[in-house]
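Observations on chain architecture
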Number of protein chains: 2
Amino acid sequence: MSDRKKIAIVGTGLIGGSLALQLNEKGLASTIIGVDSNEAHAKKALELELLDEMADLYSAIAVSDVVILAIPVDTIAQILPSLLDKIDQQILIDLGSTKSALVNSVSLHPKRGRYVAAHPMWGTEYSGPEAAVKGAFENKAVIICNAGDSDTDAVDWTRNMFRKIGMHLLDMRADDHDLHAAYVSHISHITSFALANTVLEKEREDQAIFEMASAGFESTVRLAKSNPAMWVPILMQNRENILDVLNEHISQLRKFKSCLEKENAEYLKELMDDANRIRRILK
Amino acid sequence: MSDRKKIAIVGTGLIGGSLALQLNEKGLASTIIGVDSNEAHAKKALELELLDEMADLYSAIAVSDVVILAIPVDTIAQILPSLLDKIDQQILIDLGSTKSALVNSVSLHPKRGRYVAAHPMWGTEYSGPEAAVKGAFENKAVIICNAGDSDTDAVDWTRNMFRKIGMHLLDMRADDHDLHAAYVSHISHITSFALANTVLEKEREDQAIFEMASAGFESTVRLAKSNPAMWVPILMQNRENILDVLNEHISQLRKFKSCLEKENAEYLKELMDDANRIRRILK
(Lines give C-alpha, C1' and ligand atoms only; values in the text may rest on other atoms or scores of the structure.)
Protein backbone atom coordinates (compact mmCIF):
# COMPACT_ATOMS: atom_id res chain seq x y z
CA MET A 1 0.00 0.00 0.00
CA SER A 2 2.36 2.66 -1.16
CA ASP A 3 -0.23 4.62 -3.09
CA ARG A 4 -2.15 7.32 -1.30
CA LYS A 5 -5.90 7.19 -1.63
CA LYS A 6 -8.53 9.80 -2.15
CA ILE A 7 -10.53 9.40 1.02
CA ALA A 8 -14.00 10.73 1.85
CA ILE A 9 -14.82 11.09 5.52
CA VAL A 10 -18.51 11.38 6.26
CA GLY A 11 -18.94 13.13 9.61
CA THR A 12 -16.20 15.60 10.50
CA GLY A 13 -16.58 15.54 14.29
CA LEU A 14 -14.54 13.94 17.06
CA ILE A 15 -13.98 10.60 15.28
CA GLY A 16 -13.93 11.69 11.66
CA GLY A 17 -11.83 14.77 12.38
CA SER A 18 -9.30 12.84 14.47
CA LEU A 19 -9.04 10.15 11.83
CA ALA A 20 -8.47 12.77 9.11
CA LEU A 21 -5.56 14.17 11.13
CA GLN A 22 -4.05 10.70 11.50
CA LEU A 23 -4.53 9.78 7.84
CA ASN A 24 -2.67 12.94 6.86
CA GLU A 25 0.00 12.46 9.49
CA LYS A 26 0.71 8.92 8.31
CA GLY A 27 0.64 9.83 4.63
CA LEU A 28 -2.30 7.60 3.80
CA ALA A 29 -4.37 10.11 1.88
CA SER A 30 -3.75 12.06 -1.33
CA THR A 31 -6.85 14.13 -0.64
CA ILE A 32 -9.36 14.04 2.17
CA ILE A 33 -12.86 15.12 1.28
CA GLY A 34 -15.17 15.93 4.17
CA VAL A 35 -18.90 15.44 4.15
CA ASP A 36 -21.04 16.95 6.86
CA SER A 37 -24.75 17.83 6.87
CA ASN A 38 -24.06 20.24 9.74
CA GLU A 39 -22.86 23.39 8.00
CA ALA A 40 -21.24 24.89 11.05
CA HIS A 41 -19.24 21.68 11.51
CA ALA A 42 -18.27 21.61 7.86
CA LYS A 43 -17.04 25.18 8.05
CA LYS A 44 -15.17 24.57 11.29
CA ALA A 45 -13.54 21.40 9.98
CA LEU A 46 -12.16 23.31 7.00
CA GLU A 47 -11.04 26.18 9.19
CA LEU A 48 -9.16 23.75 11.42
CA GLU A 49 -7.63 22.21 8.28
CA LEU A 50 -8.80 18.77 9.27
CA LEU A 51 -9.56 18.09 5.59
CA ASP A 52 -8.77 19.42 2.16
CA GLU A 53 -12.26 20.13 0.87
CA MET A 54 -15.92 19.59 1.58
CA ALA A 55 -18.42 18.00 -0.76
CA ASP A 56 -21.90 16.55 -0.68
CA LEU A 57 -22.20 12.86 0.06
CA TYR A 58 -22.75 11.46 -3.40
CA SER A 59 -20.23 13.70 -5.15
CA ALA A 60 -17.67 12.65 -2.54
CA ILE A 61 -18.41 8.97 -3.07
CA ALA A 62 -18.15 9.33 -6.84
CA VAL A 63 -14.60 10.71 -6.75
CA SER A 64 -13.12 8.77 -3.79
CA ASP A 65 -11.25 5.48 -3.46
CA VAL A 66 -12.30 5.01 0.15
CA VAL A 67 -15.38 6.28 1.99
CA ILE A 68 -15.33 6.28 5.79
CA LEU A 69 -18.50 6.78 7.84
CA ALA A 70 -17.97 8.55 11.17
CA ILE A 71 -21.57 9.47 11.96
CA PRO A 72 -24.14 8.28 14.51
CA VAL A 73 -25.08 4.61 14.12
CA ASP A 74 -28.76 5.31 13.44
CA THR A 75 -27.80 7.38 10.40
CA ILE A 76 -25.35 4.72 9.27
CA ALA A 77 -28.11 2.09 9.48
CA GLN A 78 -30.43 4.32 7.47
CA ILE A 79 -28.08 5.15 4.63
CA LEU A 80 -25.80 2.12 4.40
CA PRO A 81 -27.87 0.15 1.81
CA SER A 82 -28.36 3.14 -0.47
CA LEU A 83 -24.70 4.11 -0.09
CA LEU A 84 -23.67 0.63 -1.19
CA ASP A 85 -25.96 1.06 -4.20
CA LYS A 86 -23.72 3.94 -5.30
CA ILE A 87 -20.45 2.14 -4.65
CA ASP A 88 -18.49 0.77 -7.54
CA GLN A 89 -14.96 -0.32 -6.59
CA GLN A 90 -14.58 2.03 -3.64
CA ILE A 91 -14.04 0.69 -0.13
CA LEU A 92 -16.77 1.68 2.32
CA ILE A 93 -15.82 1.55 6.01
CA ASP A 94 -17.96 2.44 8.98
CA LEU A 95 -16.58 3.27 12.44
CA GLY A 96 -19.78 2.85 14.46
CA SER A 97 -19.84 1.58 18.04
CA THR A 98 -22.45 -1.07 17.25
CA LYS A 99 -22.03 -3.61 14.52
CA SER A 100 -24.85 -6.19 14.29
CA ALA A 101 -27.61 -3.90 13.03
CA LEU A 102 -25.23 -2.46 10.45
CA VAL A 103 -23.90 -5.69 8.97
CA ASN A 104 -27.41 -7.16 9.02
CA SER A 105 -28.79 -4.22 7.07
CA VAL A 106 -26.59 -5.07 4.07
CA SER A 107 -25.88 -8.77 4.50
CA LEU A 108 -27.57 -9.63 1.21
CA HIS A 109 -26.54 -6.53 -0.68
CA PRO A 110 -24.81 -7.32 -3.98
CA LYS A 111 -22.03 -4.89 -3.07
CA ARG A 112 -21.59 -6.26 0.51
CA GLY A 113 -17.98 -7.14 -0.27
CA ARG A 114 -17.01 -3.48 -0.62
CA TYR A 115 -18.11 -2.77 2.95
CA VAL A 116 -15.88 -3.24 6.00
CA ALA A 117 -17.47 -3.00 9.46
CA ALA A 118 -14.98 -1.59 11.97
CA HIS A 119 -15.03 -0.24 15.49
CA PRO A 120 -11.93 1.62 16.66
CA MET A 121 -11.97 1.60 20.48
CA TRP A 122 -11.10 5.23 20.88
CA GLY A 123 -13.09 8.32 21.76
CA THR A 124 -13.45 11.11 24.25
CA GLU A 125 -16.46 12.68 25.90
CA TYR A 126 -16.22 15.69 23.58
CA SER A 127 -17.73 16.12 20.14
CA GLY A 128 -17.57 18.19 16.98
CA PRO A 129 -14.59 19.20 14.81
CA GLU A 130 -12.98 21.12 17.70
CA ALA A 131 -12.82 17.84 19.62
CA ALA A 132 -10.55 16.28 16.98
CA VAL A 133 -7.09 15.52 18.37
CA LYS A 134 -3.74 14.57 16.91
CA GLY A 135 -2.38 11.13 17.72
CA ALA A 136 -5.84 9.69 18.33
CA PHE A 137 -6.37 5.91 17.99
CA GLU A 138 -2.72 5.09 18.68
CA ASN A 139 -2.15 1.97 20.79
CA LYS A 140 -5.88 1.27 20.90
CA ALA A 141 -7.75 -1.75 19.58
CA VAL A 142 -9.86 -1.75 16.46
CA ILE A 143 -12.33 -4.53 15.83
CA ILE A 144 -13.13 -5.67 12.32
CA CYS A 145 -16.43 -7.53 12.23
CA ASN A 146 -17.46 -10.31 9.86
CA ALA A 147 -14.35 -9.70 7.79
CA GLY A 148 -15.12 -12.80 5.73
CA ASP A 149 -18.04 -10.97 4.16
CA SER A 150 -15.78 -8.21 2.87
CA ASP A 151 -13.69 -8.41 -0.29
CA THR A 152 -10.08 -9.27 0.41
CA ASP A 153 -8.68 -6.06 -1.06
CA ALA A 154 -11.13 -3.96 0.96
CA VAL A 155 -10.40 -5.62 4.28
CA ASP A 156 -6.65 -5.70 3.61
CA TRP A 157 -6.52 -1.99 2.90
CA THR A 158 -8.62 -1.28 5.97
CA ARG A 159 -6.44 -3.39 8.27
CA ASN A 160 -3.33 -1.79 6.90
CA MET A 161 -4.77 1.69 7.40
CA PHE A 162 -5.64 0.99 11.04
CA ARG A 163 -2.23 -0.58 11.60
CA LYS A 164 -0.49 2.48 10.16
CA ILE A 165 -2.35 4.81 12.49
CA GLY A 166 -1.07 2.70 15.39
CA MET A 167 -4.00 0.44 16.22
CA HIS A 168 -3.94 -3.26 16.98
CA LEU A 169 -6.43 -5.37 15.12
CA LEU A 170 -9.02 -7.76 16.46
CA ASP A 171 -11.42 -9.91 14.48
CA MET A 172 -14.87 -10.64 15.80
CA ARG A 173 -18.36 -11.67 14.78
CA ALA A 174 -20.62 -8.62 14.86
CA ASP A 175 -22.89 -10.15 17.52
CA ASP A 176 -19.92 -11.00 19.76
CA HIS A 177 -18.66 -7.46 19.30
CA ASP A 178 -21.95 -5.99 20.42
CA LEU A 179 -22.07 -8.21 23.49
CA HIS A 180 -18.52 -7.32 24.54
CA ALA A 181 -18.99 -3.64 23.74
CA ALA A 182 -21.99 -3.57 26.07
CA TYR A 183 -19.60 -4.57 28.87
CA VAL A 184 -16.49 -2.63 28.09
CA SER A 185 -17.94 0.57 26.80
CA HIS A 186 -21.71 1.05 26.65
CA ILE A 187 -22.50 0.29 30.32
CA SER A 188 -19.77 2.73 31.41
CA HIS A 189 -21.58 5.50 29.60
CA ILE A 190 -24.89 4.65 31.25
CA THR A 191 -23.34 4.58 34.73
CA SER A 192 -21.70 7.94 34.08
CA PHE A 193 -24.86 9.57 32.73
CA ALA A 194 -26.83 8.18 35.68
CA LEU A 195 -24.19 9.26 38.19
CA ALA A 196 -24.26 12.80 36.84
CA ASN A 197 -28.05 12.84 37.12
CA THR A 198 -27.85 11.46 40.66
CA VAL A 199 -25.54 14.21 41.77
CA LEU A 200 -27.32 16.97 39.86
CA GLU A 201 -30.67 15.78 41.23
CA LYS A 202 -29.72 15.55 44.86
CA GLU A 203 -26.71 17.78 45.42
CA ARG A 204 -28.10 21.29 45.32
CA GLU A 205 -24.81 22.94 46.08
CA ASP A 206 -23.02 23.14 42.77
CA GLN A 207 -20.23 25.02 44.41
CA ALA A 208 -19.59 22.16 46.82
CA ILE A 209 -19.33 19.68 43.96
CA PHE A 210 -17.12 21.96 42.00
CA GLU A 211 -14.74 22.62 44.86
CA MET A 212 -14.64 19.17 46.41
CA ALA A 213 -14.89 16.99 43.33
CA SER A 214 -12.01 14.56 43.47
CA ALA A 215 -10.17 12.99 40.58
CA GLY A 216 -12.12 9.83 41.36
CA PHE A 217 -15.44 11.56 40.87
CA GLU A 218 -14.28 13.18 37.66
CA SER A 219 -13.08 9.89 36.37
CA THR A 220 -16.40 8.11 36.96
CA VAL A 221 -18.57 10.94 35.70
CA ARG A 222 -16.66 12.42 32.76
CA LEU A 223 -18.43 10.25 30.17
CA ALA A 224 -21.65 12.01 31.19
CA LYS A 225 -20.48 14.86 28.97
CA SER A 226 -20.80 12.58 25.94
CA ASN A 227 -22.95 13.58 22.99
CA PRO A 228 -26.55 12.24 23.09
CA ALA A 229 -26.73 12.35 19.27
CA MET A 230 -24.04 9.69 19.24
CA TRP A 231 -25.08 7.71 22.33
CA VAL A 232 -28.85 7.41 22.05
CA PRO A 233 -28.56 5.42 18.80
CA ILE A 234 -25.78 3.22 20.20
CA LEU A 235 -27.81 2.29 23.25
CA MET A 236 -30.96 1.74 21.20
CA GLN A 237 -29.21 -0.47 18.64
CA ASN A 238 -27.54 -2.58 21.32
CA ARG A 239 -30.42 -2.44 23.76
CA GLU A 240 -30.81 -6.15 24.38
CA ASN A 241 -27.20 -6.73 25.37
CA ILE A 242 -27.14 -3.52 27.37
CA LEU A 243 -30.31 -4.41 29.25
CA ASP A 244 -28.70 -7.67 30.37
CA VAL A 245 -25.64 -5.84 31.63
CA LEU A 246 -27.67 -3.06 33.20
CA ASN A 247 -29.86 -5.52 35.09
CA GLU A 248 -26.78 -7.23 36.44
CA HIS A 249 -25.26 -3.88 37.37
CA ILE A 250 -28.36 -2.79 39.28
CA SER A 251 -28.34 -6.09 41.16
CA GLN A 252 -24.64 -5.60 42.00
CA LEU A 253 -25.42 -2.13 43.35
CA ARG A 254 -28.24 -3.61 45.43
CA LYS A 255 -25.70 -5.87 47.12
CA PHE A 256 -23.78 -2.80 48.27
CA LYS A 257 -27.03 -1.24 49.38
CA SER A 258 -27.96 -4.29 51.40
CA CYS A 259 -24.53 -4.34 53.09
CA LEU A 260 -24.98 -0.73 54.16
CA GLU A 261 -28.56 -1.26 55.32
CA LYS A 262 -27.59 -4.30 57.38
CA GLU A 263 -24.22 -2.86 58.45
CA ASN A 264 -22.63 -6.00 57.08
CA ALA A 265 -18.98 -4.94 56.86
CA GLU A 266 -17.80 -8.45 56.19
CA TYR A 267 -19.87 -8.92 53.05
CA LEU A 268 -19.00 -5.40 51.94
CA LYS A 269 -15.34 -6.32 52.14
CA GLU A 270 -16.03 -9.47 50.14
CA LEU A 271 -17.70 -7.44 47.39
CA MET A 272 -14.74 -5.09 47.25
CA ASP A 273 -12.27 -7.98 47.23
CA ASP A 274 -14.18 -9.42 44.28
CA ALA A 275 -14.08 -6.07 42.51
CA ASN A 276 -10.33 -5.81 43.11
CA ARG A 277 -9.93 -8.74 40.69
CA ILE A 278 -10.35 -6.19 37.91
CA ARG A 279 -6.62 -5.56 38.54
CA ARG A 280 -6.04 -8.88 36.80
CA ILE A 281 -7.43 -7.37 33.63
CA LEU A 282 -6.65 -3.67 33.83
CA LYS A 283 -3.10 -2.88 34.62
CA MET B 1 5.96 29.45 60.31
CA SER B 2 9.65 29.42 59.59
CA ASP B 3 10.47 26.67 62.08
CA ARG B 4 10.42 23.11 60.90
CA LYS B 5 8.46 20.69 63.01
CA LYS B 6 9.09 17.16 64.15
CA ILE B 7 6.20 15.38 62.52
CA ALA B 8 4.87 11.89 63.20
CA ILE B 9 2.88 10.26 60.42
CA VAL B 10 0.73 7.35 61.51
CA GLY B 11 0.11 5.12 58.52
CA THR B 12 2.83 5.13 55.88
CA GLY B 13 0.76 4.06 52.87
CA LEU B 14 -0.59 5.99 49.91
CA ILE B 15 -1.74 9.05 51.84
CA GLY B 16 0.81 9.13 54.67
CA GLY B 17 3.70 8.32 52.37
CA SER B 18 2.71 10.92 49.79
CA LEU B 19 2.27 13.54 52.50
CA ALA B 20 5.69 12.73 53.94
CA LEU B 21 7.24 13.34 50.53
CA GLN B 22 5.48 16.69 50.24
CA LEU B 23 6.38 17.79 53.78
CA ASN B 24 10.02 17.12 53.01
CA GLU B 25 9.84 18.70 49.60
CA LYS B 26 8.36 21.89 51.03
CA GLY B 27 10.74 22.02 53.97
CA LEU B 28 8.03 21.70 56.60
CA ALA B 29 9.60 18.96 58.67
CA SER B 30 12.83 18.75 60.65
CA THR B 31 12.26 15.03 61.13
CA ILE B 32 9.48 12.74 59.95
CA ILE B 33 8.78 9.76 62.17
CA GLY B 34 6.70 6.99 60.67
CA VAL B 35 4.36 4.75 62.61
CA ASP B 36 2.95 1.64 61.01
CA SER B 37 1.58 -1.52 62.59
CA ASN B 38 2.22 -3.33 59.32
CA GLU B 39 5.90 -4.31 59.54
CA ALA B 40 6.30 -4.88 55.83
CA HIS B 41 4.93 -1.40 55.15
CA ALA B 42 7.19 0.13 57.82
CA LYS B 43 10.22 -1.52 56.28
CA LYS B 44 9.22 -0.52 52.78
CA ALA B 45 8.53 3.10 53.78
CA LEU B 46 12.05 3.39 55.21
CA GLU B 47 13.57 1.69 52.18
CA LEU B 48 11.82 4.19 49.92
CA GLU B 49 13.09 6.98 52.18
CA LEU B 50 9.60 8.34 52.66
CA LEU B 51 10.52 9.07 56.29
CA ASP B 52 13.53 9.44 58.53
CA GLU B 53 12.78 6.82 61.14
CA MET B 54 10.09 4.50 62.44
CA ALA B 55 8.78 4.38 66.00
CA ASP B 56 5.88 2.95 67.91
CA LEU B 57 2.80 5.13 68.23
CA TYR B 58 3.21 6.48 71.75
CA SER B 59 6.94 7.05 71.51
CA ALA B 60 6.34 8.97 68.30
CA ILE B 61 3.65 11.13 69.89
CA ALA B 62 5.87 11.87 72.88
CA VAL B 63 8.69 13.35 70.78
CA SER B 64 6.69 15.05 68.00
CA ASP B 65 5.26 18.54 67.50
CA VAL B 66 2.63 17.35 65.08
CA VAL B 67 0.95 13.96 64.73
CA ILE B 68 -0.86 13.16 61.48
CA LEU B 69 -3.19 10.19 61.16
CA ALA B 70 -3.31 8.61 57.72
CA ILE B 71 -4.98 5.33 58.60
CA PRO B 72 -8.42 3.80 57.93
CA VAL B 73 -11.26 5.77 59.50
CA ASP B 74 -12.42 2.89 61.70
CA THR B 75 -9.01 2.79 63.37
CA ILE B 76 -9.00 6.58 63.73
CA ALA B 77 -12.40 6.42 65.44
CA GLN B 78 -11.12 3.71 67.78
CA ILE B 79 -7.90 5.39 68.88
CA LEU B 80 -8.68 9.10 68.63
CA PRO B 81 -9.89 9.60 72.24
CA SER B 82 -6.98 7.70 73.78
CA LEU B 83 -4.54 9.48 71.46
CA LEU B 84 -5.85 12.82 72.64
CA ASP B 85 -5.32 11.60 76.23
CA LYS B 86 -1.60 11.40 75.44
CA ILE B 87 -1.42 14.76 73.69
CA ASP B 88 0.10 17.68 75.50
CA GLN B 89 0.79 20.69 73.23
CA GLN B 90 1.18 18.70 70.02
CA ILE B 91 -1.15 19.20 67.09
CA LEU B 92 -3.13 16.10 66.11
CA ILE B 93 -4.50 16.03 62.55
CA ASP B 94 -6.47 13.29 60.87
CA LEU B 95 -6.83 12.92 57.09
CA GLY B 96 -9.80 10.55 57.05
CA SER B 97 -12.45 10.61 54.31
CA THR B 98 -15.31 10.79 56.81
CA LYS B 99 -15.50 13.44 59.47
CA SER B 100 -18.70 13.32 61.60
CA ALA B 101 -17.99 10.12 63.50
CA LEU B 102 -14.46 11.34 64.22
CA VAL B 103 -15.27 14.80 65.53
CA ASN B 104 -18.19 13.39 67.51
CA SER B 105 -15.96 10.83 69.20
CA VAL B 106 -13.91 13.58 70.86
CA SER B 107 -16.30 16.54 70.96
CA LEU B 108 -16.21 16.66 74.76
CA HIS B 109 -12.58 15.66 75.17
CA PRO B 110 -10.60 18.14 77.29
CA LYS B 111 -7.88 18.15 74.64
CA ARG B 112 -10.31 18.63 71.71
CA GLY B 113 -8.60 21.90 70.81
CA ARG B 114 -5.38 20.13 69.85
CA TYR B 115 -7.22 18.11 67.18
CA VAL B 116 -7.84 19.30 63.62
CA ALA B 117 -10.19 17.29 61.41
CA ALA B 118 -9.10 17.48 57.79
CA HIS B 119 -9.90 15.76 54.52
CA PRO B 120 -7.52 16.36 51.64
CA MET B 121 -9.41 15.50 48.43
CA TRP B 122 -6.63 13.52 46.85
CA GLY B 123 -5.96 9.83 46.43
CA THR B 124 -5.43 7.13 43.87
CA GLU B 125 -6.77 3.60 43.58
CA TYR B 126 -3.45 2.19 44.79
CA SER B 127 -2.29 1.60 48.36
CA GLY B 128 0.77 0.97 50.52
CA PRO B 129 4.11 2.85 50.68
CA GLU B 130 4.90 1.99 47.04
CA ALA B 131 1.80 3.94 46.05
CA ALA B 132 3.21 7.16 47.53
CA VAL B 133 3.86 9.76 44.85
CA LYS B 134 5.68 13.05 44.68
CA GLY B 135 3.66 16.17 44.08
CA ALA B 136 0.51 14.65 45.55
CA PHE B 137 -2.22 16.97 46.89
CA GLU B 138 -1.16 19.89 44.72
CA ASN B 139 -4.04 21.98 43.32
CA LYS B 140 -6.56 19.86 45.18
CA ALA B 141 -9.01 20.93 47.85
CA VAL B 142 -8.64 20.15 51.54
CA ILE B 143 -11.59 20.51 53.86
CA ILE B 144 -11.10 21.51 57.48
CA CYS B 145 -14.12 20.53 59.56
CA ASN B 146 -15.44 22.25 62.68
CA ALA B 147 -12.34 24.42 62.78
CA GLY B 148 -13.91 26.48 65.58
CA ASP B 149 -13.45 23.53 67.92
CA SER B 150 -9.69 23.47 67.31
CA ASP B 151 -7.18 25.76 69.05
CA THR B 152 -6.16 28.70 66.87
CA ASP B 153 -2.48 27.76 66.74
CA ALA B 154 -3.34 24.19 65.77
CA VAL B 155 -5.68 25.10 62.97
CA ASP B 156 -3.40 27.91 61.74
CA TRP B 157 -0.43 25.57 61.46
CA THR B 158 -2.57 22.97 59.71
CA ARG B 159 -3.96 25.45 57.18
CA ASN B 160 -0.51 26.79 56.50
CA MET B 161 0.86 23.29 56.02
CA PHE B 162 -1.85 22.37 53.50
CA ARG B 163 -1.37 25.69 51.71
CA LYS B 164 2.37 25.09 51.44
CA ILE B 165 1.85 21.68 49.86
CA GLY B 166 -0.32 23.38 47.24
CA MET B 167 -3.86 22.72 48.43
CA HIS B 168 -6.75 25.17 48.56
CA LEU B 169 -8.65 25.31 51.81
CA LEU B 170 -12.33 24.88 52.43
CA ASP B 171 -14.16 25.11 55.74
CA MET B 172 -17.17 22.97 56.46
CA ARG B 173 -19.24 21.48 59.23
CA ALA B 174 -18.39 17.80 59.59
CA ASP B 175 -21.95 16.70 58.77
CA ASP B 176 -22.03 18.86 55.62
CA HIS B 177 -18.69 17.40 54.64
CA ASP B 178 -19.98 13.85 54.96
CA LEU B 179 -23.06 14.63 52.89
CA HIS B 180 -21.04 16.26 50.08
CA ALA B 181 -18.37 13.56 50.21
CA ALA B 182 -21.06 10.94 49.66
CA TYR B 183 -21.84 12.66 46.34
CA VAL B 184 -18.44 13.65 45.07
CA SER B 185 -16.37 10.70 46.19
CA HIS B 186 -18.02 7.82 48.04
CA ILE B 187 -20.73 7.00 45.48
CA SER B 188 -18.11 6.96 42.71
CA HIS B 189 -16.30 4.20 44.53
CA ILE B 190 -19.45 2.12 44.89
CA THR B 191 -20.35 2.49 41.22
CA SER B 192 -16.82 1.45 40.23
CA PHE B 193 -16.75 -1.56 42.56
CA ALA B 194 -20.19 -2.61 41.32
CA LEU B 195 -19.25 -2.07 37.68
CA ALA B 196 -16.17 -4.27 38.08
CA ASN B 197 -18.32 -6.97 39.66
CA THR B 198 -20.89 -6.65 36.87
CA VAL B 199 -18.28 -7.20 34.22
CA LEU B 200 -16.40 -9.92 36.10
CA GLU B 201 -19.66 -11.72 36.83
CA LYS B 202 -21.08 -11.71 33.34
CA GLU B 203 -18.23 -11.28 30.93
CA ARG B 204 -16.50 -14.64 30.91
CA GLU B 205 -13.98 -13.66 28.31
CA ASP B 206 -11.24 -11.85 30.19
CA GLN B 207 -9.27 -11.59 27.01
CA ALA B 208 -12.07 -9.69 25.30
CA ILE B 209 -12.24 -7.17 28.15
CA PHE B 210 -8.52 -6.82 28.24
CA GLU B 211 -8.18 -6.23 24.53
CA MET B 212 -11.27 -4.12 23.94
CA ALA B 213 -11.41 -2.11 27.13
CA SER B 214 -11.63 1.51 26.13
CA ALA B 215 -10.32 4.50 28.03
CA GLY B 216 -13.92 5.17 29.02
CA PHE B 217 -14.28 1.79 30.66
CA GLU B 218 -10.98 2.18 32.45
CA SER B 219 -11.97 5.55 33.67
CA THR B 220 -15.26 4.37 35.18
CA VAL B 221 -13.86 1.18 36.68
CA ARG B 222 -10.40 2.13 37.93
CA LEU B 223 -11.59 2.97 41.45
CA ALA B 224 -12.59 -0.70 41.77
CA LYS B 225 -8.91 -1.38 42.46
CA SER B 226 -9.19 0.63 45.69
CA ASN B 227 -8.23 -0.89 49.01
CA PRO B 228 -11.14 -2.46 50.96
CA ALA B 229 -9.31 -1.84 54.27
CA MET B 230 -9.68 1.86 53.57
CA TRP B 231 -13.09 1.83 51.89
CA VAL B 232 -15.19 -0.51 54.02
CA PRO B 233 -14.84 1.78 57.06
CA ILE B 234 -15.56 4.91 55.00
CA LEU B 235 -18.77 3.48 53.59
CA MET B 236 -19.84 2.14 56.99
CA GLN B 237 -19.22 5.43 58.78
CA ASN B 238 -21.04 7.46 56.13
CA ARG B 239 -23.70 4.83 55.44
CA GLU B 240 -26.76 7.00 55.92
CA ASN B 241 -25.69 9.67 53.45
CA ILE B 242 -24.42 7.05 51.05
CA LEU B 243 -27.65 5.06 51.19
CA ASP B 244 -29.57 8.17 50.17
CA VAL B 245 -27.27 8.75 47.22
CA LEU B 246 -27.21 5.09 46.27
CA ASN B 247 -31.01 4.86 46.25
CA GLU B 248 -31.16 7.89 44.00
CA HIS B 249 -28.50 6.40 41.75
CA ILE B 250 -30.34 3.10 41.38
CA SER B 251 -33.52 4.99 40.53
CA GLN B 252 -31.61 7.02 37.91
CA LEU B 253 -30.29 3.79 36.39
CA ARG B 254 -33.82 2.40 36.33
CA LYS B 255 -34.85 5.34 34.14
CA PHE B 256 -32.24 4.32 31.57
CA LYS B 257 -33.46 0.74 31.87
CA SER B 258 -37.04 1.75 31.27
CA CYS B 259 -36.06 3.78 28.18
CA LEU B 260 -34.34 0.77 26.71
CA GLU B 261 -37.17 -1.60 27.58
CA LYS B 262 -39.75 0.70 26.04
CA GLU B 263 -37.46 1.81 23.18
CA ASN B 264 -38.12 5.37 24.23
CA ALA B 265 -35.31 7.21 22.43
CA GLU B 266 -36.81 10.58 23.18
CA TYR B 267 -36.72 10.17 26.96
CA LEU B 268 -33.28 8.58 26.71
CA LYS B 269 -32.05 11.71 24.97
CA GLU B 270 -33.63 13.84 27.68
CA LEU B 271 -31.79 11.87 30.37
CA MET B 272 -28.50 12.36 28.55
CA ASP B 273 -29.16 16.06 28.00
CA ASP B 274 -29.75 16.35 31.75
CA ALA B 275 -26.51 14.51 32.46
CA ASN B 276 -24.63 16.80 30.07
CA ARG B 277 -25.28 19.61 32.55
CA ILE B 278 -22.39 18.18 34.58
CA ARG B 279 -20.24 20.18 32.10
CA ARG B 280 -21.36 23.24 34.00
CA ILE B 281 -19.52 21.94 37.05
CA LEU B 282 -16.66 19.85 35.70
CA LYS B 283 -14.55 21.59 33.13
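Residues numbered from 1 in each chain as written. Chains lettered and ligands numbered in written order. Predicted model: local features only at pLDDT ≥ 70, side-chain atom pairs only at ≥ 80, totals over all residues.

**Examining the domain arrangement of chain A**
Residues and elements named next belong to chain A. Partitioning chain A into domains gives domain 1 (5-172) and domain 2 (177-280). A C-alpha centroid distance of 30 Å is found between domain 1 and domain 2. Between domain 1 and domain 2, the residue contacts involve 14 residues of the former and 15 residues of the latter. For the side of domain 1 that touches domain 2, the elements supplying multiple residues, two or more each, are helix H4 (73-86), helix H5 (100-105) and strand E7 (141-145). Taken together, the residues that form the side of domain 1 that touches domain 2 break down as 6 nonpolar, 5 polar and 3 charged. (Domains from an automatic or database assignment. Contact = placed C-beta atoms within 7 Å. Helix = DSSP H or I, 4+ residues; strand = E, 2+ residues; numbered from the N terminus. Nonpolar A, V, L, I, M, F, W, Y, C, P; charged D, E, K, R; others polar.)

**Side note on H4 of chain A**
In an α-helix, one turn spans 3.6 residues, which is why side chains three or four residues apart end up on the same side. Residues and elements named next belong to chain A. For H4, which comprises 14 residues, the first-to-last C-alpha distance of 19 Å matches the rise-based estimate of 20 Å (1.5 Å per residue) to within 8%. Ile 79 marks where H4 bends most, by close to 45°; the proline Pro 81 follows one to four residues later. Listed in full, the buried residues belonging to H4 are Val 73, Ile 76, Leu 80 and Leu 83. Those residues of H4 that are buried lie in contact with strand E4 (66-69), strand E5 (91-94), H5 and helix H10 (228-237). (Expected span 1.5 Å × (residues − 1). Bend = angle between axes of the 7 residues up to and from the residue. Buried ≥ 20, exposed ≤ 12 C-beta atoms within 10 Å, placed from the backbone.)

**Details of the packing of helix H7 (residues 174-202) of chain A against helix H7 (residues 174-202) of chain B**
Taken N-terminus to C-terminus, the directions of H7 of chain A and H7 of chain B make an angle of 155°; their axes are 11 Å apart at the nearest point. If you check the angle between H7 of chain A and H7 of chain B, you find them roughly antiparallel. Our pair here, H7 of chain A against H7 of chain B, has a crossing hand that is right-handed. In this structure, H7 of chain A uses Tyr 183, Ile 187, Thr 191, Leu 195, Thr 198, Val 199 and Lys 202 of chain A to contact H7 of chain B, whose residues at the interface are Tyr 183, Ile 187, Thr 191, Leu 195, Thr 198, Val 199 and Lys 202 of chain B. Class assignment of the residues belonging to the contact of H7 of chain A with H7 of chain B gives a composition of 8 nonpolar, 4 polar and 2 charged. (Axes fitted to C-alpha atoms, helices over the stretch in contact; angles between N-to-C directions. Parallel < 35°, antiparallel > 145°, perpendicular 65-115°, else oblique. Left-handed = near helix turned anticlockwise from the far one by under 90°.)

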